[in-house]
Amino acid sequence: CDRCALANHSTHIILDHASALPSQKEEIAAEASSCGARGEQLTSAVDAINARIASLEVNARAASRDADLLIDKLVAQLEQRRADIHHTVQEIHTAKHQALWA
């Protein structure tokens, strides 16, 4: 058959197409079925990987957002502390200045 000739199967008995066709059809159908099942497994595996990647991206964005919120809160607290210190320094300065000129 042509398939044996193409695959260099020299040990096979040479048959005419009509005789080889039924068994070759069965073999090809079995191989196609096997490939289809393996393809479905691979598709499922790729889908699972894509789902994990999407989950990781969501988690990374959430972690970045949480870090930004925490840093923003800490910066706001530091800025408030700086303003409080400046105010205290100004009050002390004013009190000492008034005491010197009194």
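Located above this text is the structure these notes cover.
Residues numbered from 1 in each chain as written. Predicted model: local features only at pLDDT ≥ 70, side-chain atom pairs only at ≥ 80, totals over all residues. Heavy atoms only, no water.

Observations concerning the overall build of the chain
In terms of regular secondary structure, the chain is built from 2 helices and 0 strands. The burial tally for the chain puts 4% of its 102 residues in the buried class. Of the roughly 9,000 Å² of accessible surface on the chain, a fraction of 62% belongs to carbon and sulfur atoms. (Helix = DSSP H or I, 4+ residues; strand = E, 2+ residues; numbered from the N terminus. Buried < 20%, exposed > 50% of the residue type's maximum accessible area, 1.4 Å probe, protein only. Areas by Shrake-Rupley, 256 points an atom, 1.4 Å probe, with all protein chains shown as cover.)

A word on the pattern of salt bridges
Tallied over the entire structure, the rule returns 1 salt bridge. The partner of aspartate 66 in a salt bridge is arginine 65, with the nearest N and O atoms 3.8 Å apart. Given the relative accessible area of 44%, aspartate 66 is considered partly exposed. (Salt bridge = Lys/Arg side-chain N within 4 Å of Asp/Glu carboxyl O.)

Considerations on a nonpolar patch on the surface
On the surface, a cluster of nonpolar side chains totalling about 330 Å² of accessible area is made up of Leu70, Ile71, Leu74 and Val75. Looking at valine 75, the relative accessible area reads 38%, which means it is partly exposed. (Patch = residues over 30% accessible without salt bridge, like charges linked within 9 Å, V, L, I, M, F, W, Y side chains within 5 Å.)

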